[in-house]
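# Examining the three-dimensional arrangement
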Amino acid sequence: MDFDDQMRRYFGAADSASVAPAALAAGMERLSVDFGLERDPGRRFAMWALMHILGNAPDLDVAFPDPAERDAARNFMDMLDQLQAQAPAAPG
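Described in the following lines is the structure provided in the data block. Here the structure is a predicted model, which is why all the values come from computation and not from measurement. (Residues numbered from 1 in each chain as written. Predicted model: local features only at pLDDT ≥ 70, side-chain atom pairs only at ≥ 80, totals over all residues. Heavy atoms only, no water.)

Assigned secondary structure in the protein consists of five helices and zero strands. For the protein, the N- to C-terminal ordering of α and β elements is α-α-α-α-α. Each principal axis of the C-alpha atoms in the protein carries an extent, and together these give about 45 × 30 × 20 Å. Within the protein, contacts between residues separated by at least 24 positions form 40% of all contacts whose residues are at least 6 apart in sequence. Of the side chains in the protein, 8 bear a positive and 15 a negative charge, and the two mean positions are spaced by 5 Å. (Helix = DSSP H or I, 4+ residues; strand = E, 2+ residues; numbered from the N terminus. Contact = heavy atoms within 4.5 Å. Lys, Arg positive; Asp, Glu negative; His and termini not counted. Charge placed at Lys NZ, Arg CZ, Asp CG, Glu CD.)

See below:
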């Protein structure tokens, strides 16, 4: 499940900055519902990762009953934090 594909599926655009607020809210709702229904661990993780990036992810203990999946999610969160720390500051 590719990030751009998920963005297009749930929000109608690959770039979140171009999505209208109402479409963003509706897409997050659809994504949350699909996440709750999905049984494939890989697809669930990809959905959770997108929700995390958008600030709408459920807590790890709710999202992932399997401890190994929770650890993978924590690793993902740590990697994102490291990338954000390394990113150059925006001019301003």
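Here we take up helix α1 (residues 3–11). Residues of α1 that are buried include every one of Gln6, Met7, Tyr10 and Phe11, and no others. Mapping the buried residues of α1 onto a view down its axis gives an arc of 100°, with all of them on the same face. Its buried side turned inward, α1 meets α2 (21–37) and α3 (41–53). Where α1 begins, the capping side chain belongs to Asp2, and its oxygen is found 2.8 Å from the backbone nitrogen of Asp4. (Buried < 20%, exposed > 50% of the residue type's maximum accessible area, 1.4 Å probe, protein only. Arc of directions from axis to C-beta. Polar contact = N/O pair within 3.5 Å; in protein donor to acceptor, adjacent residues only side chain to side chain.)

Enumeration according to the criterion identifies six aromatic pairs in this entry. Ring plane angle 35° and centroid distance 6.0 Å describe the contact between Phe45 and Phe64, whose orientation is recorded as tilted. With Phe45 in helix α3 and Phe64 in the loop between α4 (60–63) and α5 (67–86), the pair connects residues that are 19 residues apart, well separated along the chain. With a relative accessible area of 1%, Phe64 lands in the buried category. With centroids separated by 6.0 Å and ring planes inclined at 80°, the aromatic side chains of Phe45 and Phe76 adopt a geometry described as edge-to-face. Pair noted here: Phe45 is in helix α3 and Phe76 is in helix α5, with a separation of 31 residues, a long-range link. Judged by relative accessible area, Phe76 falls into the buried class, the value being 18%. Arg44 extends its terminal NZ or CZ atom over the ring of Phe35, reaching a point 4.0 Å from the ring centre. (Phe/Tyr/Trp six-rings, centres within 6.5 Å; stacked < 30°, edge-to-face > 60°. Lys NZ or Arg CZ within 6 Å of the ring centre and 35° of its normal.)

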